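Structure assessment
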Amino acid sequence: MRHMRQLVLPLLALLVLIGSGGCGTNPTTAPSPVASTATVASQTTALRFAIADDPRSFEPGLSVLMQDAQLALNLHAGLFTYNENSELVPYLVKSWEVSADGSTYTFVLRDDATWHSGKPITALDIKQGWERYLNPDLSAWGASYLSSIVGAKDIQDKQANELSGVEVVDEHTLRVRLSQPDPVFIYRLGAPPTWVVPAEAVVAGHPNWVSTPQGSGPFSFASWESKVKIVLQANPNFFGGKPALDQAEFLIVPDATTAFNLYQTGDLDIVAVPASELQRVRQDAQLSQQLQSWTKGQLIFIGLNQAKVEVFKDLRVRQAFDQAIDRRQISDKVLFGAFAPATGFVPPNVPGYNPELGSSYNPAQAKQLLADAGYPDGKDFPTITFAALGSSESTAAEAAAAQLRENLGINVEVVKPEPSEFYEGLRAKDKWDMFITGWTADFLSAEQWLYLLLHDGSATNFVGYANSELDAVVDQAMQSSDEVQRAELWREANRIATEDVAMIPFGYGQFTYLVKPGVTGFACNLFMPMGFGNVSRNQ
Amino acid sequence: MLRYVLRRSIITLVCLIGATLLAFLAARLAPGDPLSQIVGQRAVDPAIVAAWRERYGLDRPVLVQYAIFVTNAIRGDFGLSYQYPGRAVVDIIAPAALVTLRWQSMAALLAIGGGIVLGMITAVRQHSWIDTTLTMSVLLGVTVPDFVIATLLISLFALQLQILPVAGSSTAAHYVLPAITLALQPCAFMARTVRAAMISTLDQDYIVTARAKGLHRTTIVLRHALRNACIPVLTIVGVQFGRILGGAFVIETIFNIPGLGRVAVNAVMQRDYPVILAVTVLLTAAFLLSSYLVDLLYGLVDPRLHG
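Bear in mind the structure is a predicted one, so any value in this text is a computation, not a measurement. (Residues numbered from 1 in each chain as written. Chains lettered and ligands numbered in written order. Predicted model: local features only at pLDDT ≥ 70, side-chain atom pairs only at ≥ 80, totals over all residues. Heavy atoms only, no water.)

Notes on the pattern of salt bridges
All names here are of chain A.
- Inspection of every chain in the model, using the stated rule, returns 28 salt bridges over all chains.
- When the shortest N-O distance is used, the salt bridge between Glu59 and Arg132 registers 2.6 Å. Within this pair, whereas Glu59 is found in the loop between strand E1 (46-51) and helix H2 (66-75), its partner Arg132 is found in helix H3 (residues 123-134), the two being separated by 73 residues in sequence.
- Linked through salt bridges whose partners overlap, the residues forming this network are Arg48, Asp269 and Arg537. (Salt bridge = Lys/Arg side-chain N within 4 Å of Asp/Glu carboxyl O. Helix = DSSP H or I, 4+ residues; strand = E, 2+ residues; numbered from the N terminus.)

Here's the deal with the pairing of strand E4 (residues 93-98) of chain A
Residue and element names in this part refer to chain A.
- Where E4 meets strand E5 (residues 104-109), 5 bridges bridge the pair, whose relative direction is antiparallel. Across the sheet, the residue bridging to Val98 is Tyr105, located in E5.
- Taking the residues between adjacent antiparallel strands as the criterion, E4 and E5 are bridged by 5 residues, where Gly102 takes a positive phi near 75 degrees. (Pairing = 2+ DSSP bridges.)

Focus on the side chain of Ser57 of chain A
Residues and elements named next belong to chain A.
- If you trace the backbone, Ser57 turns up in the loop between E1 and H2.
- For Ser57, the side chain forms a polar contact with the main-chain nitrogen of Glu59, separated by 2.9 Å.
- Those residues in contact with Ser57 that lie beyond four places of it in its chain are Leu62 and Asp68. (Polar contact = N/O pair within 3.5 Å; in protein donor to acceptor, adjacent residues only side chain to side chain. Contact = heavy atoms within 4.5 Å.)

Some thoughts on helix H15 (residues 419-428) of chain A
- Most of H15 of chain A is tucked away, with 7 of its 10 residues classed as buried.
- Within H15 of chain A the residues assigned to the buried category are Pro419, Ser420, Glu421, Phe422, Tyr423, Gly425 and Leu426 of chain A.
- Check the buried side of H15 of chain A and you find it contacts strand E14 (384-388) and strand E16 (434-440) of chain A together with helix H2 (34-39) and helix H11 (260-270) of chain B.
- A positive backbone phi angle near 60 degrees is found at Lys429 of chain A, which sits one or two residues after H15 of chain A. (Buried < 20%, exposed > 50% of the residue type's maximum accessible area, 1.4 Å probe, protein only.)

A few points about the environment of Leu73 of chain A
Residue and element names in this part refer to chain A.
- Considering the arrangement of structural elements, one finds Leu73 in helix H2.
- In the structure, Leu73 is positioned 262 residues away from Leu335 in sequence and 30 Å away in space, judged by C-alpha atoms.
- Setting aside residues up to four positions removed in sequence, Leu73 forms contacts with Pro192, Trp195, Pro218, Met528, Pro529, Met530 and Gly531.

Observations concerning the interface of chain B and chain A
- Facing the 60 residues of chain B at the interface are 63 residues of chain A.
- On the chain B side of the interface with chain A, the three residues burying the most area are Gln41, Arg87 and Arg102 of chain B, jointly 14% of the side's total.
- Notably, a salt bridge pairs Arg87 of chain B with Asp54 of chain A, separated by 3.2 Å at the nearest N-O pair.
- Applying the counting rule to chain B against chain A returns 11 residue pairs in polar contact (both at pLDDT 80 or more). (Buried area = accessible area lost by both parts, 1.4 Å probe.)

Re the sheet that holds E4 of chain A
Residues and elements named next belong to chain A.
- Strand order in the open sheet formed by 4 strands is E4-E5-E7-E6, with antiparallel pairing between adjacent strands. Edge positions in the sheet fall to E4 and strand E6 (166-170), since each has one partner strand and no second. Averaged over all adjacent pairs, the angle separating strand axes in this sheet is 20 degrees, with direction ignored. (Axes fitted to C-alpha atoms, helices over the stretch in contact; angles between N-to-C directions.)

Some thoughts on the nonpolar core
- Ranked by size, the top nonpolar core spans 119 residues in total, and within it Leu79, Phe107, Trp130, Ile149, Leu450 and Leu454 of chain A carry the most contacts.
- Examining the composition of this core, we find that 8 residues originate from one element, helix H12 (residues 273-301) of chain B, more than from any other.
- Discounting chain neighbours no more than four positions away, the residues touching Leu450 of chain A are Phe345, Val346, His455, Val474, Trp490, Ala493, Asn494 and Ala497 of chain A. (Core = buried A, V, L, I, M, F, W, Y, C linked by side-chain atoms within 4.5 Å.)

Considerations on the confidence of the model for chain A
- Confidence along chain A averages 87 in pLDDT terms, with 90% of residues attaining 70 or more.
- A low-confidence stretch, residues 1-42 of chain A (pLDDT under 50), is modelled with 65 contacts involving residues beyond four sequence positions or located in other chains. (pLDDT = per-residue confidence, 0-100.)

A word on unusual backbone geometry
Residues and elements named next belong to chain A.
- At Asn349, a residue that is not glycine, the phi angle is positive and equals roughly 70 degrees.
- With respect to the helices, strands and loops of the structure, Asn349 is situated in the loop between strand E13 (339-341) and helix H13 (363-372).
- Positive phi outside glycine occurs at Val501, with the angle close to 45 degrees.
- Relative to the helices and strands, Val501 is located in the loop between helix H18 (483-499) and strand E17 (504-515).

Quick word on the environment of Glu499 of chain A
Residues and elements named next belong to chain A.
- Relative to the helices and strands, Glu499 is located in helix H18.
- Accessibility expressed as a relative area gives 46% for Glu499, which makes it partly exposed.
- Through-space distance from the C-alpha of Glu499 to that of Gly358 is 7.1 Å; in sequence the pair is 141 residues apart.
- Setting aside residues up to four positions removed in sequence, Glu499 forms contacts with Leu315 and Gln319.

With respect to the packing of aromatic side chains
- Scanning the entire structure with this criterion turns up 36 aromatic pairs over all chains.
- Ring geometry for Phe49 of chain A against Phe250 of chain A: centres 6.1 Å apart, planes inclined by 75 degrees, an arrangement best described as edge-to-face. Taken together, the residues span a long stretch of sequence, with Phe49 of chain A in strand E1 and Phe250 of chain A in strand E10 (residues 247-252) at a distance of 201 residues. Across this residue pair, the class does not change: Phe49 of chain A and Phe250 of chain A are buried.
- Between Tyr513 of chain A and Phe522 of chain A, the ring centres sit 5.3 Å apart and the planes meet at 75 degrees, which makes this aromatic pair edge-to-face.
- Looking at Tyr513 of chain A, the relative accessible area reads 6%, which means it is buried.
- Overall, Phe522 of chain A belongs to the buried group, its relative accessible area being 6%.
- It is Lys516 of chain A that lies over the ring of Tyr263 of chain A; its NZ or CZ is 4.0 Å from the centre.
- Between the NZ or CZ atom of Arg87 of chain B and the centre of the ring of Tyr84 of chain B, over which it lies, the distance is 5.1 Å. (Phe/Tyr/Trp six-rings, centres within 6.5 Å; stacked < 30°, edge-to-face > 60°. Lys NZ or Arg CZ within 6 Å of the ring centre and 35° of its normal.)

Things to note about the environment of Thr114 of chain A
Residue and element names in this part refer to chain A.
- Mapped onto the elements, Thr114 comes out in the loop between E5 and H3.
- Sequence separation of Thr114 and Pro198 is 84 residues, and the distance between their C-alpha atoms is 9.7 Å.
- Look past the residues within four positions of Thr114 in its chain and what remains in contact with it is Lys119, Pro120, Ile121, Ser216 and Asn237.

Shown next as structure tokens:
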């Protein structure tokens, strides 16, 4: 056995050598791209938060993913933003005016706002930033938010380089003309995809832009270790005041359960709770005290694809499906409260929301409705392919399918395609008979559900639903510059769509986070977790 | 020998090209395209879609795309990632490959070293309590999937005892649990193989002769029996190397290791073709190289093969 030890000990030594050979702290071996511009002080107040992946881009106009937007809220600033109550508030803008016809906006920028480089933010920076986003070569998603500006289409069609509808009146004044009145134009400007970056950093060409982004937000870029973490440091010159935190660390953790484990071991200060862990967290004496929830501007809905399945054109069939699914039971017992049961197409806290709408679970009535439509006990009803994306949605789909089989006697097959296949099927409208997915707001307007999902002229009306009465009310709402009247019109549109079961509004999403004791000021609005400018943490 | 090396090199190259072609076609035949994934449910201007496809060459015929890929890959240029605009694929996978190499070397050493040591002990102490215990453990190691082992190890060592990190890659300690997870199954296979080979070798006449000459038992085992018992071990090493490479996909995700497996899983989900292809080339090359080295090692361990 002495010889065995002789063999084993060098082996263990070798293992330690290999393991320690390149781990972590040696910058020469750290995965690139690493662009460190700051030395981390030994006593810093840092907040550690998990994001799912490297950002697609640090440039807000190119952001499409949740992690892009979360970074954008900390690194960048736009003309407007949304506060904790999801109200639109001026950000880079000091004041603004709208012309009587609602088609011209004049914005006066703050004169104390600077880029992270220290250079003042000017009206020209905003104009050039928007011109950059509208250039189709960049494929910026922010372009769709700006398309109502005069001259936007010319840039998109490569007929012009300059955005003719935007006039730089003086260094801090910007005049924007719209091709038609757009009452929610400034609401779009509160969304990060319209926020711009310093012109000289990208317009003049900056080879390191990808790894050394600049912005104007409460935090500036410090370092990025790809697939490991991104570190932002407090911007002492931020026009909104220096953040209480010295640093915000974004650990890149794709797996929600791994992130949850990291929170438990103290490696994260804030973590989104996976639906699978919600019940355990609620029952845990310690963790339940750290649980915080906010309403999310998200509608989870079940699409009944009328473009593919003829029987879904029959209101009685749609009503039967609607009333055969027990949202409350699925939400409470299957998903442990990950969603709140939906009553209509507009989530709470959004103008147009109405808690009085919606049908209740009534399997007997559902069965009768299906019989009235010519399918007693589900006889001869076509087999339905029910597609689901996402773990919670898949679980919900399984439960809903089971209820449909039991209550209506029909055959429902649940499929779980990969994201790209799922989205392609939605667009083509020829693959999924029925599907469940979520639709989250980017800015505060019910048009994001009632127009985008249900209007006959919308490219994202995935179910081929057409209702001229609804379309008329939606069109009216989108043109109305009177906020009270607009909210009333959205309520009416919501009522029409819900009563006609345009789709099945299934649930309203929620942000559910665990927040360590000592961390204060963390909050989510309807759209996403707020930037960390107001967050503080005890040492 | 030169002819042998030349023949092996040509076979290796053909396999490499074949693997990339298969990966190329598989990625494109799979339902869903990269733009659908990136755009999600949004409505996007057709001009943006067209510009995007043109920029990445996706508007060209598939075979032309493949030809361009091969031409560029020979120069070491794997193009730009779809999911991270402006980032070269090489910049994404090179650091990830180093991370994977680091922790998988640890796992490979654990598997080989542990397998040989356990195999020898169980062969020498046949039917003892050590043999029975290890046989049971080996059976568990072989049958329990990686993700279950990983979950159990995390639960015990990271969450309950809190003596090892739960996930991450910043210190050597972060690699211990993933390396053990990955090493368990090949270690179990190795131990079973070494045990069988050793038992068979220990019955040989030359071992009996060595004992009769009064050689110490440990000397007989280590110097005479082990060398012959190593031949089947090499076969297992060759086979298990592929499994170890494949193991990165699940384990790196669970332990949040920024290695090639995590990059590959993400790339597949996002339909990031250039990254998928680059990872395929790298993993195939690694596997082929390991097979090549194992073949050469056969010759060193077993002199009969020289003839």
